[in-house]
Amino acid sequence: MPRSVPLRRTLAALLLSCAVLAGTTGCGDSGDSAASTNASASASASAAASAASPSASAEKQRLAKTRFVANAGLAAGATYQWIVKPYRAGTFKKGADGRTFALVKAGLAGGFAYNRLKAATENAQGDPLLSKAVAPLTAGIESLKGLGTKLRKGEAGEGDIGAFESVIDGIKNAGRDAGAEVKDKVPSTSQLSG
């Protein structure tokens, strides 16, 4: 009796090995592995050649503009909806109804807008005209880095809100000048929190 268990395991392993071997042989190439290697090498060479073609470059530029517009639009929408609009309505003032919630949302929106603006400037690098238009705005974008925290703590003033507005306006103008018009797109609250 003790010998039957190892014999069963051996037979099961042997049958499994044969099934795997038969499956790989049946699904393999048509016999000439050198021919399939040459075919895959020529296919990858033609793919590389098409990637270097002018149409691939134009596609990359188009995608760069599309991504730029999407990221900049989200930053603009978040800035207007949860920073500028509540500030002008007086929601950030002490004693205002919903102040705490508005400040938390503004802080999240500030961090989100900074993140999307950084992504938009990276996207702009894929298009020469857009890259030149956005280059002068990088210092302004960097200046927004700590404003999300200031907003959340209720320490932001008119100058801070104006900084957000001027950077967003600069991004919109740069996009419009480069043929990539940016429109505000308000992100959801779940997108803000990440």
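Residues numbered from 1 in each chain as written. Predicted model: local features only at pLDDT ≥ 70, side-chain atom pairs only at ≥ 80, totals over all residues. Heavy atoms only, no water.

**Q** Requested: an account of the environment of G111, with residues and values cited.
**A** You can see G111 is positioned in helix α4 (residues 99-124). A relative accessible area of 36% places G111 in the partly exposed class. (Helix = DSSP H or I, 4+ residues; strand = E, 2+ residues; numbered from the N terminus. Buried < 20%, exposed > 50% of the residue type's maximum accessible area, 1.4 Å probe, protein only.)

**Q** Quick rundown of the nonpolar core? Include the residues and the values.
**A** The biggest cluster of nonpolar side chains holds 38 residues, and the ones touching the most others in it are F68, L117, L151 and I171. For this core, the secondary structure elements donating two or more residues are α3 (54-89), α4, α5 (128-134), α7 (147-153) and α8 (158-177). Per-element accounting of this core gives the leading share, 10 residues, to α4. Discounting residues that sit within four places of it in the chain, L117 has contacts with A75, I141, L144, V167, I168 and I171. (Core = buried A, V, L, I, M, F, W, Y, C linked by side-chain atoms within 4.5 Å. Contact = heavy atoms within 4.5 Å.)

**Q** For the confidence of the model for the chain, give the residues involved together with the corresponding values.
**A** Per-residue pLDDT for the chain has a mean of 78; in total, 70% of the residues score no lower than 70. Of all helices and strands in the chain, the one with the weakest mean pLDDT is helix α2 (residues 33-51) (41), whereas α4 scores best (93). (pLDDT = per-residue confidence, 0-100.)

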